[in-house]
Structures are given as structure tokens and as C-alpha cells.
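# Residue-level structural notes
Given next are the chains, with one letter for each unit.
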Amino acid sequence: MFAIVRTGGKQYRVAAGDIIAVEKLAGEAGDSVTLDDVLLAGDGGEMKDVKGLTVAAEIVAQEKGEKVIIFKKRRRHNYRRKNGHRQQHTVLKISAIGAEKAAKKAAPKKEAAKPAEDKPAAEKKAAPAKKAAPAKKAAAAKPAPKKAAAKTDAKPAAAKKAPAKKPAAKKPAAKKKD
């Protein structure tokens, strides 16, 4: 079976056991990667449905590609620039084609059932916190009027500062008349 996969802006024809070099992917050697963007899949001359189809791969290595030389020259201007670049690549070994996404979705559902068993313990912990909360509310109610008073005091102070700016603009005008 083969598949055409898109990764890093390029398309690759892969089969189980193939080793390909693609644009750099996150991960270290030995990590497994799932390629979800499958464009076409088939077995011999038959085409298969690609909806929900994934390709499983394993990272073999993180490498640099061959060096590309960039040389710029403008004749009769004594202008020469030489530069080089080595692109980062990830070497992948295709392990399987045809893994379904639905199988991965089933696994988190099982994990979601485990926290459901822990909910009674969480409720027990939350109950004492609720008892302590009313005491905090009474203490919090007392400082609230102080904050409101502080806000009203701040408004007149801001009003006093605004007129101070206007006379400063008038002073230079008086100097010009002299």
C-alpha cells in the first residue's frame, strides 16, 4: 500500500518501510510522528478513501542537508558576495499506513472515565473550601467601602491637575509680547 503525504509544503509518495527526508519536524531520534495530511492512498491500481487516514512514522535523525552556495556578482563594479546555507531536515522511517484517527479518539475517552472516579474526592475537598469562603466574604466586605472612598478621592485630585496645564501654555505667549 502507498500514500501521498504533504508535509513542509512538499508532497512525498511513501510506503511502509520507506525512509524519507522532510523539512524539520519537532522531536528527537526515536520519537514517533503522525502525518495527518494524506492526499491519496492506494493499493496497486485501486484507490482508497483518505478520510481519517494517517501515516505513522518514526524519526530516525535530525540532519542538515547539502550546502547550497549563493554567489552574487555585478560585473565591472567589483561586487562579489558569497554565502552558503544548509537546510535542516528530519529523516523519517514510515512504519504504517492506514492508521485511523478514530482509534486515537477512543483512548482519551477511557482516560476521561478515570477522572470521573476522582470526582467524589474532589467534592470532599471543595466542601471545606466552601465553608471557609463565607468568612472571607465578610472580611472582604469591610475593605470594599474603603476602596470606593479611595476612588472618589482620586477624582478630585485628577480635576486639580488638569487646570495646571492650561496656564503653562499661556506663559510663553506672554513672553512674546515683551
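Up top is the structure.
Read on for an overview of the structure. Here the structure is a predicted model, which means the values were calculated and not measured. (Residues numbered from 1 in each chain as written. Predicted model: local features only at pLDDT ≥ 70, side-chain atom pairs only at ≥ 80, totals over all residues. Heavy atoms only, no water.)

As a further point, take the overall build of the protein chain. The secondary structure content of the protein chain amounts to 2 helices and 8 strands. Start at the N end of the protein chain and walk to the C end: the helices and strands fall as β-β-β-β-β-β-β-β-α-α. A buried classification covers 16% of the 178 residues belonging to the protein chain. Long-range contacts, defined as pairs at least 24 residues apart, comprise 63% of the intrachain contacts of the protein chain with a sequence gap of at least 6. Surface accessibility of the protein chain: about 14,200 Å² in total, with carbon and sulfur atoms responsible for 56%. (Helix = DSSP H or I, 4+ residues; strand = E, 2+ residues; numbered from the N terminus. Buried < 20%, exposed > 50% of the residue type's maximum accessible area, 1.4 Å probe, protein only. Contact = heavy atoms within 4.5 Å. Areas by Shrake-Rupley, 256 points an atom, 1.4 Å probe, with all protein chains shown as cover.)

This part is about the sheet that holds strand β5 (residues 38-43). If you walk across this open sheet you meet the 4 strands as β2-β1-β5-β6, and the pairing is antiparallel. Of all the strands in the sheet, just β2 (10-15) and β6 (46-48) have a single pairing partner and so form its edges. Adjacent strand axes in the sheet meet at a mean angle of 25°, parallel and antiparallel pairs treated alike. Strand direction decides the pairing type here: strand β1 (residues 2-7) and β5, joined by 4 bridges, are antiparallel. In the strand pairing of β5, Ala3 is matched with Ala41. (Pairing = 2+ DSSP bridges. Axes fitted to C-alpha atoms, helices over the stretch in contact; angles between N-to-C directions.)

Let's shift gears to the nonpolar core. Counting 18 residues, the largest nonpolar core has Ala3, Val14, Ile20, Val55, Leu92 and Ile94 as its most contacted members. Per element, the largest residue contribution to this core is 4 residues, and it comes from strand β7 (residues 53-74). Not counting residues within four places of it along the chain, the set of residues in contact with Val14 comprises Met1, Phe2, Ala3, Val5, Ile20, Val55, Ile94 and Ile97. (Core = buried A, V, L, I, M, F, W, Y, C linked by side-chain atoms within 4.5 Å.)

With that settled, consider the pairing of β1. The side chains of a regular strand alternate between both faces of the sheet. Relative to β2, β1 is paired through 6 bridges, and the arrangement is antiparallel. Bridged to Phe2 within β2 is Ala15. In this antiparallel pair of consecutive strands, β1 and β2, the connection spans 2 residues, and Gly8 shows a positive phi of 65°.

Here we come to the environment of Gly98. If you trace the backbone, Gly98 turns up in strand β8 (residues 79-100). Of the residues examined, Gly98 reaches a relative accessible area of 27% and is grouped as partly exposed. Put simply, Gly98 and Ala3 are 95 residues apart on the chain and 8.8 Å apart in space, counted from C-alpha to C-alpha. Once you skip the residues sitting within four places of it in the chain, Gly98 turns out to touch Leu53 and Thr54.

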